[in-house]
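Spelled out, the chains give:
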Amino acid sequence: MKHYQSINDEDEEGFVRCQRGDPLATLASSATAATDAERSLRAMAHESSHFEDRLTPPFDSPDRPSSLCVGTFNLIATVVGGGVLSLPVVFERCGVAFTAAAMIISASMTYLSLEFLCLASRRGGGSSYGEVVRSAFGERTEEWVSLLLGVYLMLSLVAYMVLARDVWTPLVAQVLRVDVDGDYVLLAITIFLLPFLFQRTLHALRKICYVGFASICLLCVALCRGGLEKLEDENNDFQVEFFKVPAAEDLLFSFPIITCAFLCHFNIISIQNALIRPTRKRMRRLIQYTIGACFTLLFAFGLGGYVYGGSNTQGNILLNLPTTRDIPGDVYGDYYLFLLGRIGCGVTIMLAMPMNLLPCREALLEVVDVWFHHSHHRRLDVSPTTCRKEEHSCWKMLHRFHSFEPARDAGGVATEDELLEILTLTGEANSEEDANPNECHPPHASAIMIRQDPIQSDYVFRNFLTHYGGTLLIVAACYAGAVAVTGVAAVWSFIGSSMAFLVAFAIPCGCFVVVEAAVPGKDEGGDRRDGWMRMAWAILAFSIVGAVVCTVNNTVGFRFRRW
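Residues numbered from 1 in each chain as written. Predicted model: local features only at pLDDT ≥ 70, side-chain atom pairs only at ≥ 80, totals over all residues. Heavy atoms only, no water.

K.L.:
Please clarify how the overall build of the chain should be interpreted in this entry.
P.N.:
When its secondary structure is counted, the chain shows 20 helices and three strands. Taking all 563 residues of the chain together, 57% fall into the buried category. For the chain, restricting intrachain contacts to residue pairs at least 6 apart in sequence, the fraction spanning at least 24 positions comes to 83%. Counting only carbon and sulfur atoms, one obtains 62% of the accessible surface of the chain, whose full area is about 23,800 Å². (Helix = DSSP H or I, 4+ residues; strand = E, 2+ residues; numbered from the N terminus. Buried < 20%, exposed > 50% of the residue type's maximum accessible area, 1.4 Å probe, protein only. Contact = heavy atoms within 4.5 Å. Areas by Shrake-Rupley, 256 points an atom, 1.4 Å probe, with all protein chains shown as cover.)

Structure follows, in structure tokens:
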């Protein structure tokens, strides 16, 4: 399309010839902003993986601290969480062969949608999940999708808190030899996790990712060992159903669980922003390592739990594990191994909470960031003066409650001068008059964003009040929800059957199709991925149908289902 070609009007050799240097400190705010934006694009080309990539921070920035190993474990820790505990019941309901096929399909769709999301981010310059959506569908969708993502992650945090309470309460009661209130145990866990919940980057959480992964592997080993011992027991008449044909209700119940088990899309952009030398090849390798390792672990965990639990496998496999040392019928002597596994699972769930709260906080703060910046309010019925007054009032209040902020922020009212957005209308590049950032414009279909720093460097993210106050508000709201909810099944069912399909598949594929359609084809000197676009359309259609069908199934049959 013409608007994309106007930004990349030089061939690849022209970009490679660009000299390395610091990006422009500020981008033009006059009527010649579009022209200056083209110059800044060439200046920021660096030695990136591809001449059309718009990476934030720049490719060789010192603000990229994460190695390939750290980024991989950050993404693995995002995948491996409480949803893994429900995988054994999927094997029990659908059989081994069908579950394996469904996991392969879900893992493949997850891999492709992660690739689509990363490439859309590189094409459009988005530095967050919401900004990728903005580059495809406009600024207003950034607000709504960021709000949707924040709500989804808050519900996930509620589910994790319920699981943490259910796992740790009997362990604490067993140690203290008295009955304890699970809500107080959860409160103690939440207070203990506050230093991790206040962290600003995934890189700062890298060490707990290793601990969480090792902990869930411990429970997986315990389940596999217990399952093998049951298979070898001559008195055990349970037979593994390899080729069971699942009922429609079981199928619709199970696939959302598998979808939730692989979901990690809300952290992939942050990981790409922090990765050292984030070439397309290295990002693809990171995603491949993550999906491969998680598929192996989740399949072994689900199959081991199913073999151990047999026909009585529960929706939460921990309910099948022995809780006392000498229970009737415990002929396998696995109590201590399962005790360690239960502790490991509790540790994994605890450490998964910061991995979900950090993107949740960023998504909700992005809504605030978008709403109060006058540069986002391009409406014909609002004057630039009104836009600036709204923004001034917001930031003036934040400055008043943050008297000890650094000199970078204390000098005046914050504005979003870190971002220049090249707007497009019906596929045509805007004229220089339309690029004036001091004017309010009507909504546009797509945009290319040029940033020197990611959106997480904007003032609303740096501010002490919004960071710590927002974290405490989220934690308090999720804690209240966890106390009010009696079980986690309803939460997983809702977010897995509706919101997970949107966050994992529909939104990334939709963004990729729109952004990629603006890229010139190979006959025009571009590198548009037509084959990938067809796959994205197929996944998009499948995810929409799956979300509708699974949501209807879970909504209609909820009160009749026994969890």
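K.L.:
Sorry, what's going on with the packing of helix α4 (residues 68-79) against helix α12 (residues 265-274) here?
P.N.:
Pairs of packed helices are described in terms of their axes, by the angle between the two and the distance that separates them. Interhelical geometry of α4 versus α12 gives an angle of 165° and a closest axis separation of 10 Å. Classified by the angle their axes make, α4 and α12 are roughly antiparallel. Relative to α12, α4 is oriented so that their crossing is right-handed. Taken together, the residues of α12 that come into contact with α4 (itself represented by G71, N74, L75 and T78) are F266, N267, I268 and I271. Residues of the contact of α4 with α12, tallied by class, amount to four nonpolar, four polar and no charged. (Axes fitted to C-alpha atoms, helices over the stretch in contact; angles between N-to-C directions. Parallel < 35°, antiparallel > 145°, perpendicular 65-115°, else oblique. Left-handed = near helix turned anticlockwise from the far one by under 90°. Nonpolar A, V, L, I, M, F, W, Y, C, P; charged D, E, K, R; others polar.)

K.L.:
Would you mind going over helix α18 (residues 464-484) with me for this structure?
P.N.:
An α-helix turns once per 3.6 residues; consequently, residues spaced three or four apart project the same way. Look at α18: 30 Å from first C-alpha to last across 21 residues, which is about the 30 Å you get at 1.5 Å a residue. All of the buried residues in α18 are T466, H467, G470, T471, I474, V475, C478 and A482. Each buried residue of α18 sits inside an arc of 145° when the element is viewed along its axis, so together they form one side. The exposed residues of α18 that point more than 90 degrees off its buried face are L473 and A484. Its side-chain oxygen 2.8 Å from the backbone nitrogen of L465, N463 forms the N-cap of α18. (Expected span 1.5 Å × (residues − 1). Arc of directions from axis to C-beta. Polar contact = N/O pair within 3.5 Å; in protein donor to acceptor, adjacent residues only side chain to side chain.)

K.L.:
Please clarify how the packing of aromatic side chains should be interpreted in this entry.
P.N.:
Any aromatic ring pair is given by two values, namely how distant the centres are and how the planes are angled relative to each other. Enumeration over the complete set of coordinates arrives at 13 aromatic pairs. Relative to W532, the ring of F512 lies with its centre 6.4 Å away and its plane at 45°, an arrangement referred to as tilted. Highlighted residues: F512 in helix α19 (residues 489-517) and W532 in helix α20 (residues 530-556), separated in sequence by 20 residues. Here the aromatic cluster, defined as three or more aromatic residues joined through ring pairs, consists of F73, Y210 and F213. We note R529 situated over the ring of W532; from NZ or CZ to the ring centre the distance is 4.9 Å. (Phe/Tyr/Trp six-rings, centres within 6.5 Å; stacked < 30°, edge-to-face > 60°. Lys NZ or Arg CZ within 6 Å of the ring centre and 35° of its normal.)

K.L.:
Please explain the packing of helix α6 (residues 96-124) against helix α11 (residues 248-262) as it appears in this structure.
P.N.:
Closest axis-to-axis distance for the α6/α11 pair is 10 Å, and the angle between their directions is 45°. Looking at the two axes, α6 sits oblique to α11. α6 and α11 meet at a crossing whose hand is right-handed. On α11, the residues touching F98, T99, A102, M103, S106, A107 and T110 of α6 are L251, F255, I258, T259 and F262. Residues belonging to the contact of α6 with α11 are distributed by class as follows: eight nonpolar, four polar and no charged.

K.L.:
Help me understand helix α8 (residues 139-176) in this model?
P.N.:
Counted at 1.5 Å a residue, the expected span for α8 with its 38 residues is 56 Å, and the 54 Å between its end C-alpha atoms agrees. At the C-terminal side of α8, R177 shows a positive phi close to 60°.

K.L.:
What exactly am I supposed to notice about the pattern of salt bridges here?
P.N.:
When their charged atoms lie close together, side chains carrying opposite charge are able to pair. What the rule picks out here adds up to 11 salt bridges. R165 is paired through a salt bridge with D183; the nearest N and O atoms lie 3.2 Å apart. In this pair, R165 is assigned in helix α8 and D183 in helix α9 (residues 182-197), connecting sequence segments 18 residues apart. Look at R165 and you get buried, because its relative accessible area is 9%. Note that D527 is salt-bridged to R280, the shortest N-O span being 3.5 Å. Of the two residues, D527 sits in the loop between α19 and α20 while R280 sits in helix α13 (residues 280-309), which places them 247 residues apart along the sequence. (Salt bridge = Lys/Arg side-chain N within 4 Å of Asp/Glu carboxyl O.)

K.L.:
Would you take a moment to explain the layout of surface pockets for this structure?
P.N.:
To find the voids left in a structure, one rolls a probe of water-molecule size over its atoms. Estimated volume of the second largest pocket: approximately 520 Å³. What lines the second largest pocket is a set of 25 residues, and nearest its centre among them are R200, T201, E362, P454 and Q456. Those elements giving two or more residues to the lining of the second largest pocket turn out to be α4, α12, α14 (335-372) and α17 (459-462). Residue composition of the lining of the second largest pocket, grouped by class: nine nonpolar, 10 polar and six charged. (1 Å grid on protein atoms, 1.4 Å probe; cavity = no way out; pocket = protein on both sides within 12 Å on 5 of 7 lines; lining within 4 Å. Points joined across faces, edges and corners; volume = space filled by probe spheres on them.)

K.L.:
Any chance you could explain the nonpolar core here in plain terms?
P.N.:
What tends to happen in soluble globular proteins is that the nonpolar side chains get buried as a cluster. In this structure, L85, Y152, I268 and F301 are the most contacted members of the largest nonpolar core, which totals 122 residues. What I268 contacts, discounting residues up to four positions off in sequence, is L75, L114, L117, C118, M283 and I287. (Core = buried A, V, L, I, M, F, W, Y, C linked by side-chain atoms within 4.5 Å.)

K.L.:
Honestly, unusual backbone geometry in this entry has me stumped. Any pointers?
P.N.:
Cis geometry marks the peptide bond from T56 to P57, where omega comes out at -5°. Mapping P57 onto the fold places it in the loop between α3 (33-43) and α4. Look at R177: it is not a glycine, yet its phi comes out positive at around 60°.

K.L.:
What is the right way to read the environment of E366 from this model?
P.N.:
Mapped onto the secondary structure, E366 falls in helix α14. We classify E366 as buried; its relative accessible area is 4%. Look past the residues within four positions of E366 in its chain and what remains in contact with it is S128, G130, E131, E142, S146, I455 and F461. From its side chain, E366 meets the backbone nitrogen of E131 in a polar contact 3.4 Å long.

K.L.:
What should I look at first to understand the confidence of the model for the chain in this one?
P.N.:
When pLDDT is averaged along the chain, the result is 76; 71% of the residues meet or exceed 70. Residue range residues 559-563 is modelled with pLDDT below 50. Its contacts to residues more than four positions away, or to other chains, number nine contacts. (pLDDT = per-residue confidence, 0-100.)

K.L.:
Just to check I follow, could you spell out a nonpolar patch on the surface for this structure?
P.N.:
On the surface, I544, V545, V548, V549 and V552 cluster together into a nonpolar patch covering about 410 Å² of accessible area. With respect to the secondary-structure elements, V545 resides in helix α20. (Patch = residues over 30% accessible without salt bridge, like charges linked within 9 Å, V, L, I, M, F, W, Y side chains within 5 Å.)

K.L.:
Mind showing me how you'd approach the state of the cysteines here?
P.N.:
Think of a disulfide as a covalent bridge from one cysteine sulfur atom to another cysteine sulfur atom. Scanning the entire structure with this criterion turns up zero disulfides. In this structure C478 is a free cysteine whose sulfur lies 6.1 Å from that of C360, the closest cysteine sulfur available. (Disulfide = S-S within 2.5 Å.)

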